[in-house]
Amino acid sequence: MGEVTSQLSMSLDGYVAAPGQSVQDPLGQGGLRLHEWAFATESWRAQHALTGGERNVDADVVEEMTAGVGAYVMGRRMFGGGEGPWDRAWTGWWGADPPFRTPVFVLTHHPRASLLMAGGTEFHFVTDGAEAALEQAREAAGDRDVCVAGGGNTVRGYLAAGLLDSLWLHVVPIVLGGGTPLFDGPLDATLTPERVVAGPTVTHIRYRVPR
């Protein structure tokens, strides 16, 4: 069985999304700045069927994080489509060919039939909790890793429950002053840094999460 991993871009003051999140601005106003380092890489662009991009240590980190993933878990807000009952026309932010190309288990309170997308991505909607979603993802992943893709509240929930094995934090040198904090509220967790990679505009830190 593989590991349960996660990775998030985070501002210097600890936020993984900017203030003012909405359907129009899912990462908040100015929140895309947290991910500009990834958008610029050759490997991220290739995963999204785009050409060009930089070949550097950031690109190597993107490849390392995604190479062994056999399934993903994400929260309803990361999948998008608004709150409440589903708009059946909504199939995610990523268009007809999402970049995951594996099963993705979406946490939600509202049932929905699975969506089979181009390129091998399958969205499954789980209504009976985070542990059930993880169990299904592990079964789908087999010997490969499960990645808890986000958003911040979902990752924090898995971390608080002691269900993560490792966590990459990409620390971006900006101060957002508000938004969605990763470390908010009661959280008893000890993270052990095991690797630090200095990129051109971001510092990548991989933490081990002792069980």
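Residues numbered from 1 in each chain as written. Predicted model: local features only at pLDDT ≥ 70, side-chain atom pairs only at ≥ 80, totals over all residues. Heavy atoms only, no water.

Caption draft 1: Focus on the pairing of strand S6 (residues 122-126). Burial runs high along S6: four of the five residues are buried. Both strand S4 (residues 103-107) and S6 contribute to a ladder of five bridges, which runs parallel. Following the sheet pairing, Val106 is matched in S6 by Phe125. The pairing of strand S5 (residues 115-116) with S6 spans two bridges and is antiparallel. Paired with Leu115 across the bridge in S6 is Phe123. (Buried < 20%, exposed > 50% of the residue type's maximum accessible area, 1.4 Å probe, protein only. Helix = DSSP H or I, 4+ residues; strand = E, 2+ residues; numbered from the N terminus. Pairing = 2+ DSSP bridges.)

Caption draft 2: Just the sheet that holds strand S7 (residues 145-150), in detail. With mixed pairing, nine strands are arranged side by side in an open sheet as S5-S6-S4-S3-S7-S1-S8-S11-S10. One side of each edge strand has no neighbouring strand; the edge strands of this open sheet are S5 and strand S10 (192-198). Seen against the sheet, helix H5 (residues 130-141) touches strand S1 (4-11), strand S3 (69-74), S4, S6 and S7 and runs at an angle of roughly 165° to S3. Across the sheet, helix H6 (residues 152-160) is in contact with S1, S3, S4, S7 and strand S8 (166-172); its angle to S7 comes to roughly 135°. (Contact = heavy atoms within 4.5 Å. Axes fitted to C-alpha atoms, helices over the stretch in contact; angles between N-to-C directions.)

Caption draft 3: Molecular detail of the environment of Ala133. Examined against the element boundaries, Ala133 turns out to sit in helix H5. Expressed as a C-alpha distance, the spacing of Ala133 and Val155, which sit 22 residues apart in the sequence, is 13 Å. For Ala133, the residues in contact, after removing those within four places along its chain, are Val73, Phe105, Leu107, Val126 and Tyr158.

Caption draft 4: View of H6. Here H6 has its buried residues at Gly152, Thr154, Val155, Arg156, Tyr158 and Leu159. Positioned one or two residues after H6, Gly162 has a phi angle of 70°, which is positive.

Caption draft 5: A look at the pattern of salt bridges. As enumerated under the stated definition, the model contains ten salt bridges in all. When the shortest N-O distance is used, the salt bridge between Glu83 and Arg77 registers 3.1 Å. Exposure class is identical for Glu83 and Arg77. Each is exposed. (Salt bridge = Lys/Arg side-chain N within 4 Å of Asp/Glu carboxyl O.)

Caption draft 6: Inspection of the packing of aromatic side chains at higher detail. Summed over all chains, the structure comprises eleven aromatic pairs. Judged by centre distance (4.8 Å) and plane angle (85°), the ring pair of Trp90 and Trp93 falls under edge-to-face. Note on Trp94 and Phe123: the rings are 5.9 Å apart at their centroids and 20° apart in plane angle, and the pair reads as stacked. Of this pair, Trp94 sits in the loop between helix H4 (76-79) and S4 while Phe123 sits in strand S6, and the two are 29 residues apart along the sequence. On the accessibility criterion, Trp94 (22% relative accessible area) is partly exposed. For Phe123, a relative accessible area of 0% corresponds to the buried category. Following the ring pairs from residue to residue traces out a cluster consisting of Tyr72, Phe79, Trp86, Trp94, Phe100, Phe123 and Phe125. One residue, Arg76, lies across the ring of Trp86, its end atom 3.7 Å from the ring centre. (Phe/Tyr/Trp six-rings, centres within 6.5 Å; stacked < 30°, edge-to-face > 60°. Lys NZ or Arg CZ within 6 Å of the ring centre and 35° of its normal.)

Caption draft 7: Up close: the pairing of S7. Taken across its six residues, S7 has five buried, putting it largely inside the fold. Sheet topology places S1 next to S7; three bridges connect them, and they run parallel. The residue of S7 that forms the bridge with Ser6 is Val148. Where S3 meets S7, five bridges bridge the pair, whose relative direction is parallel. Bridge pairing in S7 links Val73 to Val148.

That's the geometry; what it means functionally is another story.
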